[in-house]
Amino acid sequence: MSHQPPQHRSLQPTGPPASGPSQQHHARLNDPLMSSDRSSMPWLLSSIMSAPSETNSRANVLTSQVNELNIIRQSLYDLETQHGKVRQQFEEELNRLRSELLAARQGLPTGIPHPTVGPASVGPLGPLALPILLRHSWWRRTRTGPRPERQRQGRERLLERERDREPRDRDREQRERERERERDRERERDRITDQRDPKRPKAERIKTDRPGEQLSNHLLQFSTFNQRLLSSTDHFSPSLGPGHTPKLPPPPSSSATPGVGPGLPPPPQPSASSSHAAYGSGAGPSSSSAPPPPLPEQAGALVPSSTGGFPDDLDIHTYPADLKREGSDWFAIFNPKVKRVLDVQLVHTLMHESVVCCVRFSADGKYLATGCNRTAQIYDTKTGAKTCVLVDESAGKAGDLYIRSVCFSPDGKFLATGAEDKQIRIWDIAKKRIRHVFDGHQQEIYSLDFSLDGRLIVSGSGDKTARIWDMIDGTASKVLTINDPDSLNNDAGVTSVAISPNGQLVAAGSLDTVVRIWDVSTGALVERLRGHRDSVYSVAFTPDGKGLVSGSLDKTLKYWDVSGLMSGGIKGRKEGANGAITNGPGGGAVVRKDGEPTSKCTMNFTGHKDYVLSVAVSHDGQWVVSGSKDRGVQFWDSKSAIVQCMLQGHKNSVISIDLSPAGNYLATGSGDWQARIWSYNQTQ
């Protein structure tokens, strides 16, 4: 029930109304015009309410008109493109006619093709040939025919060709778009790969993340050599898809413009007086016109070594079936010059979110650790499942922080990681917590290795030192410094370290091409191994400790006999005041500054097409394995230095490899953001 408001009657005089202005105002209120205005108020209100909807409708109309204009514009663009194609066809037809005209003029046979003649060059007569020939009635009668009919025929032929070419053009454009997208993905991946150069001081890194910046424009200390590490346009992408014929990568060209990448140290810039000055041009040894310097005398007598046995233009599809193994995106080929005794198979592909700088198996072979940007991962080698991710949340968030080296403790409880922030972190794997942080290095840490008893860990850094750390008290028990007065290069940053199986020796590869060996107990330098012609990037002891394998940017591996340093061979040897190695209880006779060393290079492994970045020796000592910038992995017979197998399974440089200490498994880490686990076994 609605409530009706009370009606109030206005109080007015009972007498006749008084005349005056008030009476006139009252008359205006009762004016019929005012009544009509009041009656139009609802219409005005409804008009106001409907205005937004009308505005929206007008906006929609405007939008549709804009869309129509865009469609018309696109149609004009398409017509312009079509016009360009037709014009090109007319020009081709015109050039063909010019060629025929020239052939007819010169009396050439019509059964052989003639070169296309352009408007500015029509045979020996030049541009005047066509007007001269067209003035001859014979040519007009025999070639031109009735002008309208010929034009009609020409238009019909062009239309027919256009109809035939449209499907082909669409297919070609589609393929071009797909290739362009693939190139964009490759460039983006390589750009991220090449953004950092983690084996060099931060202040000296070349930044490549600013638009338009070119590596060749930098004048930093290592700029000429930094271009030689990870190529942004590497020359081989393994693919065994339909219609593609993968081939072995060709030798690197000196005209290529490689980039830099994480996980690899920059080769040093030799001084002008260095015997390696010919390499300072930035294009690597292959670009130098001067011959490389001869091997030093201490390299010793070399066992004749194979050059690989694989031709550069080898076609995997025509290779003998019994000498190859193929997968969907990888293949392995075997040396036809030796008996095949090995088989290789891909087990797992482990995807990462950045460049994989390092890979390392646990001592029991059950787990694989990998290092990339800011994280270290641990995988189950049997299933390929990721079991652990280690991230230091306290580390600064700005920029990249590549983990360049990982190493399990022998008992598998701890994982050591070395990164570009100069710190060594010892992780408790079960708790995913940091147990120790070792500080002391002045530059980035490139390599780590545990002793077999788990008490010591050795680290190598760009600060020209290797340090031995005590896992019990967390201190650096020894600092092994490179201070040779006769070093070939001022930069002797340590790129790789390894502890001998008996725990007595520490070997270190350096940017100055020298491999050095120290006594763990005394910290004395006991051997200097010279023979490589470029920076040494990787070293590894054989399981018996009598041999040492080194890999270098000179594209070779070397085997060094260090058995003379075993079983008391290093007793009394120490480094003299000026870097000479002395012998005897009182540091008597000088054994090596210019004299003959105890250890010699007995084998050269040659066959890689580009830098050797990582080496490893199998647990039984039978195989030496190497990873290279040529994207390949090669298995070598450790007794003869002859290659047995070449494996191609990555789309970028193979930065790191490792062989399982407990089984026949190989791990590879690459700039293509992948780590892979492979099995290798003896054939029957």
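Quick caveat: nothing in here was measured; it's all calculated off a predicted structure.

What counts, and at which threshold
Residues numbered from 1 in each chain as written. Predicted model: local features only at pLDDT ≥ 70, side-chain atom pairs only at ≥ 80, totals over all residues. Heavy atoms only, no water. Core = buried A, V, L, I, M, F, W, Y, C linked by side-chain atoms within 4.5 Å. Buried < 20%, exposed > 50% of the residue type's maximum accessible area, 1.4 Å probe, protein only. Contact = heavy atoms within 4.5 Å. Phe/Tyr/Trp six-rings, centres within 6.5 Å; stacked < 30°, edge-to-face > 60°. Helix = DSSP H or I, 4+ residues; strand = E, 2+ residues; numbered from the N terminus. Lys NZ or Arg CZ within 6 Å of the ring centre and 35° of its normal. Pairing = 2+ DSSP bridges. Axes fitted to C-alpha atoms, helices over the stretch in contact; angles between N-to-C directions. pLDDT = per-residue confidence, 0-100. Salt bridge = Lys/Arg side-chain N within 4 Å of Asp/Glu carboxyl O. Lys, Arg positive; Asp, Glu negative; His and termini not counted. Polar contact = N/O pair within 3.5 Å; in protein donor to acceptor, adjacent residues only side chain to side chain.

Draft legend 1. Local environment of the nonpolar core. With 40 residues, the main nonpolar core has F635 and L666 as its most contacted residues. Not counting residues within four places of it along the chain, the set of residues in contact with L666 comprises F361, V625, V633, F635, L647, I657, D658, L659, R676, I677, W678 and Y680. Core analysis: the second largest hydrophobic core is formed by 16 residues, A507, V536, W560 and M566 among them.

Draft legend 2. Just the packing of aromatic side chains, in detail. For the coordinates displayed, the defined rule picks out four aromatic pairs. Look at F635 and Y680: their rings are 5.5 Å apart centre to centre, the planes differ by 50°, and that puts the pair in the tilted class. With a gap of 45 residues between them, F635 in strand β29 (residues 632–637) and Y680 in strand β33 (residues 674–682) connect regions that are remote in the sequence. Across the pair, exposure class does not vary: F635 and Y680 are buried alike. Over the aromatic face of F334 sits the side chain of R340, whose NZ or CZ is 3.8 Å from the ring centroid.

Draft legend 3. Focus on the sheet that holds strand β16 (residues 494–499). Taken in spatial order, the four strands line up as β16-β17-β18-β19 in an open sheet, and their pairing is antiparallel. Both edges of this open sheet fall to β16 and β19 (525–529), since each of them pairs with a single strand only. Strand-to-strand, the axes of this sheet are offset by a mean angle of 20°, without reference to chain direction. Relative to strand β18 (residues 515–519), strand β17 (residues 505–510) runs antiparallel, the two being bridged by five bridges. Within β18, the position partnered with G509 by the bridge is V515.

Draft legend 4. Here's a closer look at the confidence of the model for the protein chain. In this model, the protein chain carries a mean pLDDT of 74, and residues with pLDDT of at least 70 account for 62%. Long-range and interchain partners of residues 8–14, a stretch whose pLDDT sits below 50, account for zero contacts in this model, where long-range means more than four residues apart. Counting contacts from residues 112–146, a segment whose pLDDT is below 50, to residues more than four positions away or on other chains yields 43 contacts.

Draft legend 5. Inspection of the pairing of strand β30 (residues 643–648) at higher detail. Of all six residues making up β30, six are buried, and the element is well covered by its neighbours. Pairing of strand β2 (residues 331–334) with β30 involves four bridges; the strand directions are antiparallel. From the neighbouring strand, F331 faces β30, where its bridge partner is Q648. Two elements, β29 and β30, share five bridges in a ladder whose sense is antiparallel. For W636, the partnering residue across the bridge sits in β30 and is V643. A loop of five residues connects β29 with β30, the two strands running antiparallel in sequence, and A641 in this loop sits at a positive phi of about 65°.

Draft legend 6. The arrangement of the pattern of salt bridges in detail. The full count for this structure, using the stated rule, is 15 salt bridges. The salt bridge partner of D392 is R425, with a shortest N-O separation of 2.7 Å. Within this pair, whereas D392 is found in the loop between β7 (386–390) and β8 (403–408), its partner R425 is found in strand β10 (residues 424–428), the two being separated by 33 residues in sequence. Note that R404 and E420 form a salt bridge whose closest N and O atoms lie 3.2 Å from each other. Highlighted residues: R404 in strand β8 and E420 in the loop between β9 (414–419) and β10, separated in sequence by 16 residues. Classification of R404 as buried rests on a relative accessible area of 2%. The buried category is assigned to E420, whose relative accessible area is 1%.

Draft legend 7. Highlighting the side chain of K558. Its place among the elements puts K558 in strand β22 (residues 556–561). No salt bridge is formed by the buried K558; its nearest oppositely charged neighbour, D554, is found at 5.4 Å. Separated by 2.6 Å, the side chains of K558 and N604 make a polar contact.

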